[in-house]
Amino acid sequence: GAGVSQSPRYKVAKRGQDVALRCDPISGHVSLFWYQQALGQGPEFLTYFQNEAQLDKSGLPSDRFFAERPEGSVSTLKIQRTQQEDSAVYLCASSPSGSRQFFGPGTRLTVL
Amino acid sequence: GESVGLHLPTLSVQEGDNSIINCAYSNSASDYFIWYKQESGKGPQFIIDIRSNMDKRQGQRVTVLLNKTVKHLSLQIAATQPGDSAVYFCAERMDSSYKLIFGSGTRLLVRP
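Each chain carries its own residue numbering, running from 1 in the direction its sequence is written. Chains and ligands are labelled sequentially in the order written, the chains with letters from A and the ligands with numbers from 1. Given that this is a predicted model, residues contribute local features only at a pLDDT of at least 70 and side-chain atom pairs are listed and counted only at 80 or more, while totals for whole chains, interfaces and linings are drawn from all residues. Side-chain descriptors were evaluated using all non-hydrogen atoms of the structure, hydrogens and water having been removed beforehand.

### Overview of the sheet that holds strand β6 (residues 62–67) of chain B
Residues and elements named next belong to chain B.
Thought 1: Overall, antiparallel pairing links the four strands, which are arranged β2-β7-β6-β5 in an open sheet. The sheet terminates laterally at β2 (19–24) and β5 (56–58), the two strands that pair on one side only. Strand-to-strand twist across the sheet, computed as the mean angle between neighbouring axes with direction ignored, equals 15°.
Thought 2: Two strands form a pair only when DSSP identifies at least two bridges running between them. Each helix is a run of H or I in the DSSP string that is no shorter than four residues. Each strand is a run of E no shorter than two, and both are numbered from the N terminus. As paired elements, β6 and strand β7 (residues 72–77) share six bridges and run antiparallel to each other. Bridge pairing in β7 links Leu65 to Ser74. Only the stretch in contact is used when fitting a helix axis, every axis being a line fitted to C-alpha atoms; angles between N-to-C directions are given from 0 to 180 degrees.

Structure (structure tokens):
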């Protein structure tokens, strides 16, 4: 069956540009999560949605980061005025219940 | 978890041997634990999970052991195969929050 998909898989941005990363969760999954993974490290939580409601955004590193899930399905993570320290892999995960989370392949963002 | 950057702890095993990957978790209030396998360029792949009311759970070729007294989790892989080579992450979750907190990861290398 179809898993979590993310697009684009790779994104190169110049410092100061805005980027938008898309996540298509597994159909019917209520919960959706965004994580950031730096090279050689484990994923770190950014934000969590239950349906269209953003219940936890405590992991977003700054107000340049914004996430939405307006219809409770597809989600977009937007980063404004990108900085070099934003370079990382951004992972999306979905879950039917909030427990077992299934990850997408990630978007590798490189900020030059 | 503590970052080890690019220098992940590495476990090297002979093909066919059993592997044991260990993880120390940080929060005694965590009630759910999960192991993921991550291959290069891919998102984390679910392996097995366990709730805090259990101390052992078995899957296909994998067993997870939980010792809440010392806050320790282990993943045992039986008859390790070359396809098991990857980075393995443990993650914990507190019931009050759905976010996963990942450990720093262990690289498993399987020698043919």
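### A few points about the confidence of the model for chain B
Thought 1: Confidence of the prediction at every residue is given by pLDDT, a number between 0 and 100. Residues at a pLDDT of 70 or more form 94% of chain B, whose mean pLDDT is 91.
Thought 2: Contacts are assigned to residue pairs with any non-hydrogen atoms lying within 4.5 Å of each other. A low-confidence stretch, residues 1–5 of chain B (pLDDT under 50), is modelled with seven contacts involving residues beyond four sequence positions or located in other chains.

### Observations concerning the sheet that holds strand β8 (residues 75–79) of chain A
All names here are of chain A.
Thought 1: Here four strands make up an open sheet; going across it, the order is β1-β3-β8-β7 and the pairing antiparallel. Each of the sheet's edge strands pairs with one partner strand only, and the pair in question is β1 (5–7) and β7 (65–68). With strand direction ignored, the average angle separating the axes of adjacent strands in the sheet is 15°.
Thought 2: As paired strands, β7 and β8 are joined by four bridges and run antiparallel to one another. By the bridge assignment, Glu68 is partnered in β8 with Thr76.

### A look at the pairing of strand β9 (residues 88–95) of chain A
Every other side chain in a regular strand lies on the same face of the sheet, so the side chains alternate between the two faces.
Residue and element names in this part refer to chain A.
Thought 1: Judged by how many residues are buried, β9 sits mostly within the fold: eight of eight residues are covered.
Thought 2: When accessible area is computed with a 1.4 Å probe and restricted to protein chains, residues below 20% of their type maximum are described as buried, those above 50% as exposed, and intermediate ones as partly exposed. Judged by which residues are buried, β9 turns out to be covered on both faces: Ala88, Tyr90, Cys92 and Ser94 on one side and Val89, Leu91, Ala93 and Ser95 on the other are all buried.
Thought 3: Pairing of strand β4 (residues 31–37) with β9 involves seven bridges; the strand directions are antiparallel. For Trp34, the partnering residue across the bridge sits in β9 and is Cys92.
Thought 4: Bridge analysis of β9 against strand β11 (residues 107–111) gives three bridges, and the strand direction is antiparallel. When the sheet's bridge partners are listed, Ala88 is paired in β11 with Leu109.
Thought 5: Relative to strand β10 (residues 102–103), β9 is paired through two bridges, and the arrangement is antiparallel. Looking across to β10, one finds that Ala93 is bridged to Phe103.

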